[in-house]
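Residue strings, one per chain:
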Amino acid sequence: MKNLENTMAAVGDPGHGSTEVLPVSDFSSASPQPANPAPAAADCDVLVVGGGINGCGIARDLAGRGWRVVLCEKDDLASHTSSSSTKLIHGGLRYLEYYEFSLVRKALQEREVLLKSAPHIMWPLRFVMPHDPRDKSLRPAWMIRIGLFMYDHLAKREVLPPSRSVDLRRHAAGKPLKDQYKRGFVYSDGWVDDARLVVLNALDAQARGAEVLTRTRCVHVQRGADDWVATLEGPDGAHRTLRARAVVNAAGPWAESFLRGVAHSAKGEALATKSLRLVKGSHIVVPRLFEHDHAYIFQNPDKRIIFAIPYQEEFTLIGTTDIEISGDDPGGARIEQEEIDYLCTQASRYFDKPIVPADVVWTYSGVRPLLDDASGDPSAVTRDYLLESNTAAAPLLSVWGGKITTFRKLAEDAAAEVGKMLGQSSEQRPAWTDGAFLAGGDLSGWIGAAQRPDTDFERFVSAVQAKHPWLYGQLARRLARAYGARIGDVLGDARSFADLGAEVAPGLFERELRFLQDHEWAVSAQDVLWRRSKLGLHYTPEQREQVDAWMQRHAKAV
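Read on for a plain summary of the structure. All figures in this text were calculated on a predicted structure; none of them were measured in a lab.

1. Thoughts on the overall build of the protein chain
Within the protein chain, the secondary structure is distributed over 14 helices and 21 strands. Compactness check: the protein chain gives a C-alpha radius of gyration of 23 Å against a globular reference of 24 Å for 558 residues, within 12% of the reference. By its C-alpha atoms, the protein chain is 70 × 60 × 45 Å across when sized along the principal axes. Classification of the 558 residues of the protein chain by burial places 61% in the buried group. Positive and negative side-chain charges of the protein chain, numbering 67 and 72 respectively, have mean locations separated by a distance of 5 Å.

2. Focus: the pairing of strand S4 (residues 122-131)
Buried residues dominate S4, accounting for nine of its 10 residues. In the sheet, S4 pairs with strand S6 (residues 183-192) via 10 bridges, with the strands oriented antiparallel. If you follow arginine 126 over to S6, its bridge partner there is serine 188. Sheet topology places S4 next to strand S13 (residues 295-299); two bridges connect them, and they run parallel. Within the sheet, the bridge partner assigned to phenylalanine 127 lies in S13 and is alanine 295.

3. Regarding helix H13 (residues 525-532)
Judged by how many residues are buried, H13 sits mostly within the fold: seven of eight residues are covered. Among the residues making up H13, those that are buried are Ala525, Asp527, Val528, Leu529, Trp530, Arg531 and Arg532. On the buried face of H13, the contacting elements are helix H4 (194-207), strand S17 (362-371), strand S21 (508-509), helix H12 (510-519) and helix H14 (541-553).

4. Focus on the nonpolar core
Within the largest apolar cluster, 67 residues are counted, with the highest numbers of intra-cluster contacts made by Leu508, Leu529 and Val547. It is helix H10 (residues 473-483) that provides the largest number of residues to this core, a total of six residues. Leu203, Leu397, Ile404 and Trp521 belong to the second largest nonpolar core, which has 49 residues in total.

5. Here's the deal with helix H9 (residues 453-467)
When the terminal C-alpha atoms of H9 are compared, their 21 Å separation across 15 residues agrees well with the 21 Å that a helix rising 1.5 Å per residue should span. Residues Pro453, Asp456, Phe457, Phe460, Val461, Ala463 and Val464 constitute the buried set of H9. When H9 is viewed along its axis, its buried side chains cluster within an angular range of 165 degrees and face the same direction. On its buried face, H9 is in contact with helix H2 (101-117), helix H8 (444-447), H10 and helix H11 (487-491).

6. What about the packing of aromatic side chains?
Per the stated rule, a full pass over the model turns up 20 aromatic pairs. Ring centres of tyrosine 296 and phenylalanine 351 lie 5.5 Å apart, and the angle between their planes is 90 degrees; on these two criteria the pair is classed as edge-to-face. With tyrosine 296 in strand S13 and phenylalanine 351 in the loop between helix H6 (337-348) and S17, this pair connects stretches of sequence that are 55 residues apart. Assigned by exposure class, tyrosine 296 and phenylalanine 351 land together as buried. A centroid spacing of 5.6 Å and a plane angle of 25 degrees characterise the contact between phenylalanine 497 and phenylalanine 509, whose relative ring orientation is stacked. Pair noted here: phenylalanine 497 is in the loop between H11 and strand S20 (503-505) and phenylalanine 509 is in strand S21, with a separation of 12 residues, a long-range link.

7. Observations concerning the pattern of salt bridges
Two side chains of opposite charge can pair, provided their charged atoms sit close to one another. Applying the stated criterion to the full structure yields 43 salt bridges. Taking the shortest distance from any N to any O, the salt bridge between lysine 409 and glutamate 412 comes out at 3.1 Å. Taken together, the residues span about one helical turn, with lysine 409 and glutamate 412 both in helix H7 (residues 407-421) at a distance of three residues. Glutamate 412 gets classed as buried once you look at its relative accessible area, which sits at 12%.

Conventions and cut-offs
- Residues numbered from 1 in each chain as written.
- Predicted model: local features only at pLDDT ≥ 70, side-chain atom pairs only at ≥ 80, totals over all residues.
- Heavy atoms only, no water.
- Helix = DSSP H or I, 4+ residues; strand = E, 2+ residues; numbered from the N terminus.
- Rg over C-alpha atoms; globule rule 2.2 N^0.38 Å.
- Buried < 20%, exposed > 50% of the residue type's maximum accessible area, 1.4 Å probe, protein only.
- Lys, Arg positive; Asp, Glu negative; His and termini not counted.
- Charge placed at Lys NZ, Arg CZ, Asp CG, Glu CD.
- Pairing = 2+ DSSP bridges.
- Contact = heavy atoms within 4.5 Å.
- Core = buried A, V, L, I, M, F, W, Y, C linked by side-chain atoms within 4.5 Å.
- Expected span 1.5 Å × (residues − 1).
- Arc of directions from axis to C-beta.
- Phe/Tyr/Trp six-rings, centres within 6.5 Å; stacked < 30°, edge-to-face > 60°.
- Salt bridge = Lys/Arg side-chain N within 4 Å of Asp/Glu carboxyl O.

Read these as spatial facts, not as claims about activity.
What follows is the structure in structure tokens.
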């Protein structure tokens, strides 16, 4: 298969997102109302800078507590780190080796909260860890058993089954492996469509009153005693001045540079007091290596681990690397040939059929903004987050570090801290996202009461096909995965394929493209093919060009 160009670069296409507010009832029960109305002197209560998972999660939580929120993102939502993860909702088994018990417990607690909030984009996944007692580079079996016991018991489980040992000579997961791997261990975590997770948070934030501005750069923000004055540069180059009572710095890899270059202090006080370590993680995608639905976790001689995960039905995702980088443009990170060679070599230690660089059909790289904790090994740097409050003048909250699994808890903690800085306690503006659905996650209108996230989704697909029998199975499943209960908003009154408009590329019709433009801030073909979906992986270059041409012809006016 022909290699695909890495499309994770920052999007430079002009355009802007929709500001239409979707009904709150589309998502979950109403969030708590503020105990006291906020002062109206400022344009908003909180300006959130950064449209990745943390920024959108924080904007959602704040808006749900009744704060007036504006979020600005210089590119598309999830353009960088948040669409470049290994796409796992996991506790982080390997972090136990670094005694990160608090982080692992917090992440394990969040797994099932997230799985229930959006079963269309997140689902349980079983992992197989092959083991060969003769290979002294592997962790001994006793150590793995202790680690998995802790993994099973550090947090309550309702959906995910416990770990167990497995005979790979009899289990389907053993078939693609080398004969030397006769035993192994199986445990549970979860899978997530990371880029769509960001969009669903942004949608819920917008539905609860937040203004979400994509392709809008914060070029200057001046701190005063009681508020901030920000200059925002829109996609057309026009500037907008905005006054906010507080600023949340959720700029991810740019969080430190935002404080050192964009934000300006009131009276010379230090804004940047922490340092980030930027660690690049790269992944490769190859044609499907196995038929079963389990993923693999492989131990490497360098004590790192990599995953091999079923991906997009036809492929296997392999990653990740950990390489510390420097420079002024984290968005320009690209995979190096040495990383491709490394991932192929390590995976080939386990699979019977060797993986070679020529097999790679797509790659992507993202930069993890990890808080500098003086660890020598980038793999050992903590993945936990730190929220830094600065109240020397108008309130400032900076988000350092974090991982996708703990974004909801991070956002909850951040919203509570912002409220405190603005004079409102969590009792006055209580937390609300634990148990709330994300956009499209409430399937009860289609299937009745929820039972289990994985089986609920299958019941949902059946309900969609029963209501729309003209939708062929593969398309019905893709739309159900992407939009969940919002699929009715996409299909509208369509009763046949003719009602969906022209088929711009296989399985992609004009009605869906217009929906993405009008409701999900999609401006370019990259937005559609690589973040709102992964259709770009399935299309030929000519088909991707057809989508690009359509998006350009039907671009929304700025």
